[in-house]
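# Commentary on secondary and tertiary structure
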Amino acid sequence: MANLDTTCVNAIRVLAADSVQRANSGHPGLPLGSAPMAYELWANHMNHNGKNPKWANRDRFILSGGHGSTLLYSLLHFFGYGLTMEDMRNFRQDGSLTPGHPEYGHTVGVEATTGPLGAGMGMAVGMAMAEAHLAAQFNKPGFPIVDHYTFVLGGDGCMMEGISSEAFSLAGTLGLSKLIVLYDSNNISIEGSTDIAFTENVQARMAAFGFQTITVEDGNDLAAIGKAIEEAKADKEHPSFITVKTQIGYGCPAKQGKASAHGEPLGDENVKALKETLGWPEPDKTFNIPQEVYDHYKELSKKGEAAEEAWNKLFADYCARFPEEKARWEEFHAPVDAMALLNNNEFWAVEDKPMATRACSGTLINRLKDILPNLIGGSADLAPSNKTEMKGAGDFAKGSYEGRNLHYGVREFAMAAIANGITLHGGLRTYIGTFFVFSDYTKPMMRLAALMNIPVTYVFTHDSIGVGEDGPTHEPIEQLAMLRSLPNVNVFRPADMAETAAGWCLAVTAESTPTALVLTRQNLPQLAGSGKAALRGAYVISEAKNPARMDGILIATGSEVSLAIEAQAELLKDNIDVRVVSMPCMDLFEQQTPSYKEEILPKAVRVEALSDFGWGRYVGLDGATVCMHGFGASAPAGLLFEKFGFTKEHVADVMKEVLKK
């Protein structure tokens, strides 16, 4: 057999190929080509410890090309993260720890759920930003307790996706020198050579973004790969981009360098040929790894154990020297005290004047910044409009990473991925902001946040035809229904300041659910019946005169709740007695007991200046909606509400028609 390092590289290749072949499904090409760079990184340049995968100061590794998951699973198996050979045999099988793409929270050692190409690149930038901020917050001379790298590995597809350009443009601007990108450059995509659609000079693009660029010509040259990684670490001013030229499907004579190696099993004969080419013992056997391989990986793993042991001593000395910082560290890494926030009268105080809920949110963010020292966030170049700035909290910028206000530029897609990365890193709670109509740009990364069960907060303002003169391009209609269709996302559309406080309380105390706050540009009145009951998702905000004999129910959200209350008064003129229910969050309401839901909603008309999609389950066959059934228009907001039927008179008329049925 070859030297031990080469044998250990080939062990990754063989195990990956066997796993894909047994599943008869998967992507062997990336693991076969990238195994040397992954091995060199994990073995000699990355601080990590399989015995404690959540060690705070570990280096982070993201496989952005998540389809090559057997590469990551093989590394986790060999480096002692608890992934067994049986787990490798069960690749892509129901309930296994080795799903088709890596899943955060499901498989120990997986730092992020990846699969959509480029997403891991954006999340890696977020992790590097979190590291920089926490280092600026906590490090003291002689005590670099936050001092680790973020490594991300991806291929041509990741570099084609626009999200990578958005994210890397920001990373270069910020000078995130602890971010190191490994580019698996094999010039092959599913449809064939990348020349058919991707001929740009990637290194020149990355240099223009502000990255140090390094090229390794031979993807099997461990020494050259190691030298490149150390060169990247030595640059303290720029993030680094290492192009490693590889061959997809390396070692398989019939598949090497071909598109067919990408996304299909090699075939039994080709797996055997691969093993013969690599000089693997007993090529007819599957899942056959020599003991010397395990022994060597066990020895390599001791480096990570020693690194953590040294850090633990450093951190203990730090805590003894700086007890106030120890307390602050623990506060940063602890869940938010939900009861304390619920009982914090200053947080819940209402300003008794008409306010846009975006302005209410801005006031609450600035209350929260003093309650939650680890709150960090920002907007896609819209902070003055979104009201997302934390006053006096400083700006996160190159050379001043201690600032808590993030400036994402006009990069909504990357912003959402970066927020995921910040949250995944640990120690920080984050929010992002943009106009609600641009939530379409954030949705793919919101979906990943929901999948990963991480509590990112989304501040979406300018939430309906109330945007007015900007017209239909900027007036969200279907976006609310789209967000409500996402599993595990609390979509919260508040009617006034008290309900906005409830939305923020929900968002910052959530441990495993993202929250979308959907907020108005136009002023709304403060409503007498609103309050903490909004945390139940729906509640009676204005009761009928005779609840036992009421004629019907008006359900409304956000800016239309006050309209529904006006319609309630209009109906009473004709002796029609209705209840008004505010439903800021369907998701929360669905979590309530059947008895509570029946108590709140026994025939209803639903009022919302957005799409009616999804409301059938509440109004039923006999109910009705006053909603948008097309796009908006460019005109003053007041005129648009009248034009599209959002008046007390029209709402009252619709209720009368329902009651005739």
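The structure this text deals with has already been given above.
Residues numbered from 1 in each chain as written. Predicted model: local features only at pLDDT ≥ 70, side-chain atom pairs only at ≥ 80, totals over all residues. Heavy atoms only, no water.

### Considerations on the overall build of the protein
Scanning the protein from terminus to terminus reveals 26 helices and 18 strands. On C-alpha atoms alone, the protein measures out to a radius of gyration of 28 Å, which is about the 26 Å that the 2.2 N^0.38 rule sets for 661 residues. For the protein, buried positions account for 62% of its 661 residues. For the protein, the accessible surface area stands at approximately 24500 Å², while carbon and sulfur atoms represent 50% of it. Taking the average location of the 57 positive side-chain charges in the protein and that of its 79 negative ones, the two points are 3 Å from each other. (Helix = DSSP H or I, 4+ residues; strand = E, 2+ residues; numbered from the N terminus. Rg over C-alpha atoms; globule rule 2.2 N^0.38 Å. Buried < 20%, exposed > 50% of the residue type's maximum accessible area, 1.4 Å probe, protein only. Areas by Shrake-Rupley, 256 points an atom, 1.4 Å probe, with all protein chains shown as cover. Lys, Arg positive; Asp, Glu negative; His and termini not counted. Charge placed at Lys NZ, Arg CZ, Asp CG, Glu CD.)

### Remarks on empty space enclosed by the protein
Of the volumes computed, that of the largest cavity is approximately 100 Å³. Residue lining of the largest cavity: Trp42, Met46, His48, Asn49, Asn52, Pro53, Arg58, Asp59, Phe61, Tyr81, Gly109 and Glu111, and that is the complete set. Tallied by class, the residues present in the lining of the largest cavity amount to five nonpolar, four polar and three charged. (1 Å grid on protein atoms, 1.4 Å probe; cavity = no way out; pocket = protein on both sides within 12 Å on 5 of 7 lines; lining within 4 Å. Points joined across faces, edges and corners; volume = space filled by probe spheres on them. Nonpolar A, V, L, I, M, F, W, Y, C, P; charged D, E, K, R; others polar.)

### Some details on the packing of aromatic side chains
Counted by the stated rule, this structure contains 31 aromatic pairs. Relative to Tyr297, the ring of Tyr39 lies with its centre 5.9 Å away and its plane at 90 degrees, an arrangement referred to as edge-to-face. Note that Tyr39 is positioned in helix H2 (residues 29-44) and Tyr297 in helix H11 (residues 291-321), a separation of 258 residues in sequence. A single burial state applies to Tyr39 and to Tyr297, both of which are buried. (Phe/Tyr/Trp six-rings, centres within 6.5 Å; stacked < 30°, edge-to-face > 60°.)

### Description of helix H18 (residues 439-452)
In this model, H18 (14 residues) spans 19 Å end to end at C-alpha, consistent with the 20 Å of a helix rising 1.5 Å per residue. Residues of H18 that are buried: Ser439, Thr442, Met445, Met446, Leu448, Ala449, Ala450 and Met452. Asn453 sits one or two positions beyond H18 and adopts a positive phi of about 60 degrees. (Expected span 1.5 Å × (residues − 1).)

### Focus on the nonpolar core
Grouped together as the largest cluster of nonpolar side chains are 82 residues, with contacts concentrated most on Phe168, Leu176 and Leu179. Examining the composition of this core, we find that 13 residues originate from one element, helix H5 (residues 119-138), more than from any other. Those residues within four positions of Leu179 in sequence are excluded, and the remaining contacts are Ala124, Val125, Ala128, Thr150, Val152, Phe168, Ala171, Phe211, Pro239 and Ser240. Core analysis: the next-biggest nonpolar cluster, separate from the first, contains 71 residues, Leu519, Met583, Ala624 and Ala652 among them. (Core = buried A, V, L, I, M, F, W, Y, C linked by side-chain atoms within 4.5 Å. Contact = heavy atoms within 4.5 Å.)

### Describing the layout of surface pockets
Its volume calculated, the largest pocket comes out at about 630 Å³. Taken together, 30 residues form the lining of the largest pocket, with His333, Thr423, His425, Gly426 and Gly427 sitting closest to its centre. Broken down by secondary-structure element, the contributors of at least two residues to the lining of the largest pocket are helix H12 (323-332), helix H17 (412-425) and strand S10 (429-435). Per-element tally for the lining of the largest pocket: the top contributor is H17, with three residues.

### Looking at helix H8 (residues 202-209)
By the burial criterion, the buried members of H8 are Val202, Arg205, Met206 and Phe209. Buried residues of H8, viewed axially, fall in a sector of 95 degrees; they line one side. The elements touched by buried residues of H8 are helix H6 (156-160), helix H7 (162-174), strand S3 (179-185), strand S6 (212-216) and strand S7 (240-245). Where H8 begins, one side-chain oxygen reaches toward the backbone nitrogen of Gln203, 3.2 Å away; that side chain belongs to Asn201. Downstream of H8 by one or two residues, Gly210 has phi in the positive range, about 105 degrees. (Arc of directions from axis to C-beta. Polar contact = N/O pair within 3.5 Å; in protein donor to acceptor, adjacent residues only side chain to side chain.)

### Some points on the pairing of strand S1 (residues 60-63)
Because side chains alternate across S1, one face comprises the buried residues Arg60 and Ile62, and the other comprises Phe61 and Leu63, equally buried. Both S1 and strand S2 (residues 150-155) contribute to a ladder of four bridges, which runs parallel. Paired with Ile62 across the bridge in S2 is Val152. (Pairing = 2+ DSSP bridges.)

### A word on the packing of H17 against H18
Packing of H17 against H18 leaves a shortest axis separation of 6 Å and a crossing angle of 20 degrees. Here H18 runs roughly parallel to H17, going by the angle between their axes. Note that H17 runs across H18; the crossing there is right-handed. Along its contact with H17, which presents Glu412, Phe413, Ala416, Ala417, Asn420 and Leu424, the element H18 presents Tyr441, Thr442, Pro444, Met445, Leu448, Ala449 and Met452. Residue composition of the contact of H17 with H18, by class: ten nonpolar, two polar and one charged. (Axes fitted to C-alpha atoms, helices over the stretch in contact; angles between N-to-C directions. Parallel < 35°, antiparallel > 145°, perpendicular 65-115°, else oblique. Left-handed = near helix turned anticlockwise from the far one by under 90°.)

### Concerning the pairing of S10
Residues in a regular strand point their side chains to alternate faces of the sheet. Burial analysis of S10 places seven of its seven residues in the buried class, which makes it a mostly covered element. Here strand S8 (residues 375-379) pairs with S10 via five bridges, running parallel. Residue pairing across strands places Gly378 opposite Ile432, the latter belonging to S10. Both S10 and strand S11 (residues 457-461) contribute to a ladder of five bridges, which runs parallel.

### Some words on the state of the cysteines
For the structure on display, the rule yields zero disulfides. Counting only cysteine sulfurs, Cys505 is the nearest neighbor of Cys585, a cysteine outside any disulfide, at a range of 13 Å. (Disulfide = S-S within 2.5 Å.)

### Some remarks on the sheet that holds S8
Within the open sheet, the six strands sit side by side as S9-S8-S10-S11-S13-S12. Their pairing is parallel. Edge positions in the open sheet fall to strand S9 (405-407) and strand S12 (490-492), since each of these has one partner strand only. Neighbour-to-neighbour, the strand axes of the sheet open up by a mean angle of 20 degrees, direction not taken into account. Relative to strand S13 (residues 515-518), S12 is paired through three bridges, and the arrangement is parallel.

### As for the environment of Gly257
When you line up the elements, Gly257 lands in the loop between S7 and helix H10 (268-278). A sequence separation of ten residues divides Gly257 from Gln247, and the C-alpha atoms of the two residues are 5.2 Å apart. Setting aside anything within four residues of it in sequence, one finds Gly257 in contact with Ile188 and Ile248.

### Some words on a negative patch on the surface
Taken together, the side chains of Glu566, Glu642, Glu649 and Asp653 present a region of like negative charge at the surface. For Asp653, the position within the fold is in helix H26 (residues 648-660). (Patch = residues over 30% accessible without salt bridge, like charges linked within 9 Å, V, L, I, M, F, W, Y side chains within 5 Å. Salt bridge = Lys/Arg side-chain N within 4 Å of Asp/Glu carboxyl O.)

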